[in-house]
Amino acid sequence: MTVPRTRRRSLKQRLAEGDSLRGVLLRLPSETLVEMAGVAGLDYVVIDCEHGPADTALLQQHIMAAEAHGIDVLVRVGTAEPTLALRCLDLGAAGLIHPHVDGAEDARRAVAASHYPPWGERGFATYSRSGRFGTVPAAEHVAASRQTLVVPMIETQRACAAADEIAGTEGVDAVLVGPADLAADCGFPAPEAVNGLIRQAHRAIVENGRTVMTIVPHLEAARAAEEAGARLIVFNMAQVLMDTFGALARPSRP
């Protein structure tokens, strides 16, 4: 989280105040889409450095574009990648999404990688971009860093069974269930089997007072997710764009 030049509520503050937020999942490079998301009035973008290139030079450009349009950036890092997590936060990411969290120990490692001591183990520096290149006092930099949003991902049957302890881990703000990896872990069963596990995990998340984050393919799914209680909605832009392009490519019929 970058020390703000002007007062602007963080994603964490907005969630604490009861807001529901919408964002888009993007893979590098997509700087123009970041700008378009900000112009459109979305709340945040998720830059995917797990399935996209983990290029921190490109990531910095994307974060700068987002900040210019008043939109926050969450970064999905790889599995157990504290070094990448550190760099993303130093560049000014508002939070991190940690994939493949299977239990409380994984969740604690995710929190540790996301925060400075005593909350975590992130290496301290004010001279990074998030500290405005050393121009803010250490105490102010630490205060801003505590607004970092920490989001573990549940993506296996084992993780679904441990959803209560994952969501209950101190320092976890929201939890995202990854439906694609969960379906793969289950051997691609009928959709209702996976949906049942997702509902089970969502109940545990809510019961622990955490925010449900969910990935959706279109507006109708977003509305259904919000009605079910999710307050962090992420549109999968790859699917949105491909569905749109596919519709445009189909010949019209009289």
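Residues numbered from 1 in each chain as written. Predicted model: local features only at pLDDT ≥ 70, side-chain atom pairs only at ≥ 80, totals over all residues. Heavy atoms only, no water.

J.: Where do I start with the packing of aromatic side chains in this structure?
T.: The description of an aromatic ring pair rests on the distance of the ring centres and on the angle between the ring planes. Enumeration according to the criterion identifies 1 aromatic pair in this entry. Geometry around Trp119 places Arg146 over its ring, the cationic atom sitting 5.0 Å from the centre. (Phe/Tyr/Trp six-rings, centres within 6.5 Å; stacked < 30°, edge-to-face > 60°. Lys NZ or Arg CZ within 6 Å of the ring centre and 35° of its normal.)

J.: What's the story with a nonpolar patch on the surface in this structure? I'm lost.
T.: Where nonpolar side chains cluster on the molecular surface, the patch consists of Met242, Phe245 and Leu248 and spans about 380 Å² of accessible area. By the element assignment, Phe245 lies in helix H12 (residues 237-249). (Patch = residues over 30% accessible without salt bridge, like charges linked within 9 Å, V, L, I, M, F, W, Y side chains within 5 Å. Areas by Shrake-Rupley, 256 points an atom, 1.4 Å probe, with all protein chains shown as cover. Salt bridge = Lys/Arg side-chain N within 4 Å of Asp/Glu carboxyl O. Helix = DSSP H or I, 4+ residues; strand = E, 2+ residues; numbered from the N terminus.)

J.: Looking at this structure, I do not really get the side chain of Asp72. What am I missing?
T.: The residue Asp72 is located in strand S3 (residues 72-76) in this model. Relative accessible area serves as the criterion here: at 5%, Asp72 is assigned to the buried category. (Buried < 20%, exposed > 50% of the residue type's maximum accessible area, 1.4 Å probe, protein only.)

J.: How should I be thinking about helix H6 (residues 138-145) in this particular structure?
T.: Side chains three or four residues apart in an α-helix point the same way, a direct result of the helix having 3.6 residues per turn. Of all the positions in H6, only His141, Val142, Ala144 and Ser145 are classed as buried. Angular distribution of buried residues about the axis of H6 spans 160°; they occupy a single face of the element. (Arc of directions from axis to C-beta.)

J.: Looking at this structure, I do not really get the nonpolar core. What am I missing?
T.: Generally speaking, nonpolar side chains in soluble globular proteins are found buried as a group. Residues Val45, Ile47, Val75, Cys88 and Ile154 are the most contacted members of the largest nonpolar core, which totals 55 residues. The element contributing the most residues to this core is helix H10 (residues 191-207), with 6 residues. Residues in contact with Val75, not counting those within four places in the same chain, are Ile47, Cys49, Leu59, Cys88, Ala93, Gly95, Leu96 and Ile97. (Core = buried A, V, L, I, M, F, W, Y, C linked by side-chain atoms within 4.5 Å. Contact = heavy atoms within 4.5 Å.)

J.: Where do I start with the pattern of salt bridges in this structure?
T.: Tallied over the full model, the rule gives 17 salt bridges. The salt bridge partner of Asp48 is Arg27, with a shortest N-O separation of 3.2 Å. With Asp48 in strand S2 (residues 44-48) and Arg27 in strand S1 (residues 21-27), this residue pair connects regions lying 21 residues apart in the sequence. Classification of Asp48 by relative accessible area gives buried; the value is 0%. Because the salt bridges share partners, they merge into one network encompassing Arg9, Arg14, Glu17, Asp19 and Asp43.

So, to be careful, I would describe these as geometric facts and stop short of saying anything about function.
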